[in-house]
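# Remarks on the overall topology
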Amino acid sequence: MENRTHQRQHPSTRCHAGTAPRLALAAPPFAAHRISTNTLCLRDARKFTSDVIRRWNLNPVREDAVQIASELVANAVRHGKRRTPLPDGSPPVVWLALTRRPHSLLCVVYDPSRRRPRLTPPAPLAEDHRGLPIVEALSEGWGWKPSGATGKAVWARLALPPASARRKP
């Protein structure tokens, strides 16, 4: 399966001699990556997130953003991935998307299941059920909503430090 990455950056406003800069409404920076179904999916999600964060000059939040994306992708692949094709016959897909807001970074993971994510405290020595507690601890907030006919989007918002929030990518 082919991985696809989509990005949208702020359009540049150029000033030519004798002309005034044009004002334009710009969409916030956005990047999305189709998550592979192989064993390298978490490595790919971490690399994608790290590369985007570096490109957007958000290094102070890079480690937390990479961890949040990794936990949400792990949950999507483990719990939200359907084994059967979607109603239209296409294979199930997991997507990771990042978008920069004025004071926060939004990380969204889409998977083709409607199964609700549950925040359950892990047992002290358990290896499972640690993903959402980690996301909750590192993020400013998280949640989920149904998306499309059969899927859901799980999101986490990470606060940007004041200096990063002012700087444009």
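Summarised in this report is the structure supplied together with it. (Residues numbered from 1 in each chain as written. Predicted model: local features only at pLDDT ≥ 70, side-chain atom pairs only at ≥ 80, totals over all residues. Heavy atoms only, no water.)

## Observations concerning helix α1 (residues 41-55)
Over its 15 residues, α1 runs 21 Å from end to end, which matches the ideal 21 Å to within 8%, given 1.5 Å per residue. Here α1 has its buried residues at Cys41, Asp44, Ala45, Phe48, Thr49, Ser50, Val52 and Ile53. Positive phi appears at asparagine 57, one or two residues downstream of α1, with a value of about 60°. (Helix = DSSP H or I, 4+ residues; strand = E, 2+ residues; numbered from the N terminus. Expected span 1.5 Å × (residues − 1). Buried < 20%, exposed > 50% of the residue type's maximum accessible area, 1.4 Å probe, protein only.)

## Regarding the layout of surface pockets
Taken as a whole, the largest pocket encloses approximately 590 Å³ of empty space. Asn75, Arg78, His79, His129 and Leu132 are the residues nearest the centre of the largest pocket, which is lined by 28 residues in total. If you list the elements that add at least two residues to the lining of the largest pocket, you get α1, α2 (62-80), β4 (104-111), α3 (131-138) and β6 (151-159). Considering every element that reaches the lining of the largest pocket, the biggest residue donor is α2, with 10 residues. Class assignment for the residues of the lining of the largest pocket results in 9 nonpolar, 8 polar and 11 charged. (1 Å grid on protein atoms, 1.4 Å probe; cavity = no way out; pocket = protein on both sides within 12 Å on 5 of 7 lines; lining within 4 Å. Points joined across faces, edges and corners; volume = space filled by probe spheres on them. Nonpolar A, V, L, I, M, F, W, Y, C, P; charged D, E, K, R; others polar.)

## Structural notes on the environment of phenylalanine 48
Inspection of the secondary structure puts phenylalanine 48 in helix α1. Remark: the alpha-carbon pair of phenylalanine 48 and leucine 96, spanning 48 residues in sequence, is separated by 9.0 Å.

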